Amino acid sequence: HCREDLFVSSSDMTLPEADALGRSASNNVFVEAPPGQDDGWRAIQDLYDGEIRYCDESTGTILELLEAHLGGLDSTLVILTSDHGESFGEHDAAYHAFAAYQTVLRVPLVLSWPEHLPQGVRARETISTIDLFATIAESARVSRSTYSPSPSSSLRRLCKSRSDDEINRYVFAEAWPRPWGLNGVWEYYEHGVPIGRFVAPLFAVYGGDWKYIRGEGQNRELLYNLAEDPDEQRDLSAVQPERCARLRAVLDMWLEETPNNMPTFADGYEKGPLRD
């Protein structure tokens, strides 16, 4: 949703024109540029910014209502996050369902609970949203024995002294293609466009500054140093074979221990190579 008064375009497009362009782009798994629009990506980003402004305004309204009803929010745990990011042409991708790059996986995460959490604490390591489950459970004084074993670990640990193992733990991510989102994909595939990375289940593992990505059944793997290359432009898998092998083994072990339901609708996905 984007209200007219919250949409400020840096192009010459009107809100309806930008909205139509955004819907067109989101119907394509990958887009080099929106058809017929030199400034199309900028218009779509403006539309997205308008949506964020609307969410921000609405969140403020909700918090104001809660504060008025409760007489304050000092004893209320407030969590602000997102389910995913968005691609605007990075790595030739549009939308958010078919990639495991930072444009899709990196999301905001803010916790506020004045009576129990210190202000201004910023995580030094990669955090997974899977940890929100344990965070809320611990905050509600739910015994961990009721949901153990669980990979979820309370984020309240960030406010405590921790061992190096706790700080440097591995974090995993998945991107699963959706059958209803694959309409038209094979039309591109039949024309020779290498789209394997968009239709294969993708897995990523974070270890410190490093990130490893692999498509299930793919003939390629990617390795990035996020501290030096946050936009994931330089694949280092060929020049860092030992590190790549170490993270590959970590991912393999995690996949063996983690139940998953591999989709059957992506038959043939291994034919398309994983591209940078």
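Refer to the preceding data block for the structure.
Quick look at the structure, then. (Residues numbered from 1 in each chain as written. Predicted model: local features only at pLDDT ≥ 70, side-chain atom pairs only at ≥ 80, totals over all residues. Heavy atoms only, no water.)

Take the packing of aromatic side chains next. Under the counting rule described, the total for this entry stands at 2 aromatic pairs. Seen from their ring centres, Phe 133 and Tyr 147 are 5.0 Å apart, and the 85° between their planes marks the pair as edge-to-face. Of this pair, Phe 133 sits in helix 4 (residues 131–139) while Tyr 147 sits in the loop between helix 4 and helix 5 (164–167), and the two are 14 residues apart along the sequence. Residue Phe 133 is classed as partly exposed on the basis of its relative accessible area of 47%. Relative to Trp 254, the ring of Phe 172 lies with its centre 4.6 Å away and its plane at 5°, an arrangement referred to as stacked. (Phe/Tyr/Trp six-rings, centres within 6.5 Å; stacked < 30°, edge-to-face > 60°. Helix = DSSP H or I, 4+ residues; strand = E, 2+ residues; numbered from the N terminus. Buried < 20%, exposed > 50% of the residue type's maximum accessible area, 1.4 Å probe, protein only.)

All right, on to the pairing of strand 6 (residues 202–207) then. The buried count for strand 6 comes to 6 of 6 residues, which makes it a mostly enclosed element. For strand 5 (residues 171–175) and strand 6, the ladder comprises 5 bridges, and the chain directions are antiparallel. Paired with Glu 174 across the bridge in strand 6 is Phe 203. When strand 6 meets strand 7 (residues 210–215), the two strands line up antiparallel, connected through 6 bridges. The residue bridging Tyr 206 from the neighbouring strand is Lys 211, located in strand 7. (Pairing = 2+ DSSP bridges.)

This part takes up the pattern of salt bridges. Counting across every chain of the model gives 5 salt bridges. For Arg 169, the salt bridge identified is with Asp 131, shortest N-O distance 2.2 Å. Here Arg 169 is found in the loop between helix 5 and strand 5, whereas its partner Asp 131 is found in helix 4, with 38 residues between them in sequence. Classification of Asp 131 by relative accessible area gives buried; the value is 0%. Between Glu 221 and Arg 248 there is a salt bridge, with its nearest N and O atoms 2.6 Å apart. (Salt bridge = Lys/Arg side-chain N within 4 Å of Asp/Glu carboxyl O.)

Strands sit in the order 5-6-7-8 across an open sheet of 4 strands; the sheet is antiparallel. Single-partner strands in this sheet number two, and they are strand 5 and strand 8 (221–225). Strand-to-strand twist across the sheet, computed as the mean angle between neighbouring axes with direction ignored, equals 15°. Alignment of strand 7 against strand 8, held across 5 bridges, turns out to be antiparallel. The partner of Tyr 212 across the bridge, within strand 8, is Leu 223. Relative to the sheet, helix 8 (residues 241–257) contacts strand 5, strand 6, strand 7 and strand 8, its axis offset from that of strand 7 by approximately 60°. (Axes fitted to C-alpha atoms, helices over the stretch in contact; angles between N-to-C directions. Contact = heavy atoms within 4.5 Å.)

The grouping of Ile 62, Leu 66 and Leu 70 at the surface amounts to a nonpolar patch, some 260 Å² of accessible area in total. Relative to the helices and strands, Leu 70 is located in helix 2 (residues 40–70). (Patch = residues over 30% accessible without salt bridge, like charges linked within 9 Å, V, L, I, M, F, W, Y side chains within 5 Å. Areas by Shrake-Rupley, 256 points an atom, 1.4 Å probe, with all protein chains shown as cover.)

With that out of the way, let us pick up the environment of Asp 235. Along the polypeptide, Asp 235 turns up in the loop between strand 8 and helix 8. The class of Asp 235 is partly exposed, set by a relative accessible area of 21%. Along the chain, Asp 235 and Tyr 224 lie 11 residues apart, while their C-alpha atoms are 5.6 Å from each other. Among the polar contacts made by the side chain of Asp 235, one reaches the main-chain amide nitrogen of Leu 223 at a distance of 2.9 Å. A distance of 3.0 Å separates the side chain of Asp 235 from the side chain of Ser 237, its partner in a polar contact. (Polar contact = N/O pair within 3.5 Å; in protein donor to acceptor, adjacent residues only side chain to side chain.)

Bringing the environment of Val 110 into the picture now. Its place among the elements puts Val 110 in strand 4 (residues 109–112). Placed 29 residues apart in sequence, Val 110 and Thr 81 show a C-alpha to C-alpha distance of 6.5 Å. Excluding residues that lie within four positions of it along the chain, Val 110 makes contacts with Val 78, Ile 79 and Leu 80.

A few words now on a negative patch on the surface. A cluster of acidic residues, Glu 64, Glu 67, Asp 74 and Glu 115, forms a negative patch on the protein surface. Inspection of the secondary structure puts Glu 64 in helix 2. Among the residues examined, Glu 64 registers a relative accessible area of 56% and is labelled exposed. (Lys, Arg positive; Asp, Glu negative; His and termini not counted. Charge placed at Lys NZ, Arg CZ, Asp CG, Glu CD.)

Here the focus is the nonpolar core. Core analysis: the largest hydrophobic core is formed by 14 residues, its most contacted members being Tyr 101, Tyr 206, Ile 213, Leu 222 and Tyr 224. Of all elements in the fold, only strand 5, strand 6 and strand 8 reach the threshold of two or more residues within this core. Residues Leu 223, Leu 247, Trp 254 and Leu 255 belong to the second largest nonpolar core, which totals 11 residues. (Core = buried A, V, L, I, M, F, W, Y, C linked by side-chain atoms within 4.5 Å.)

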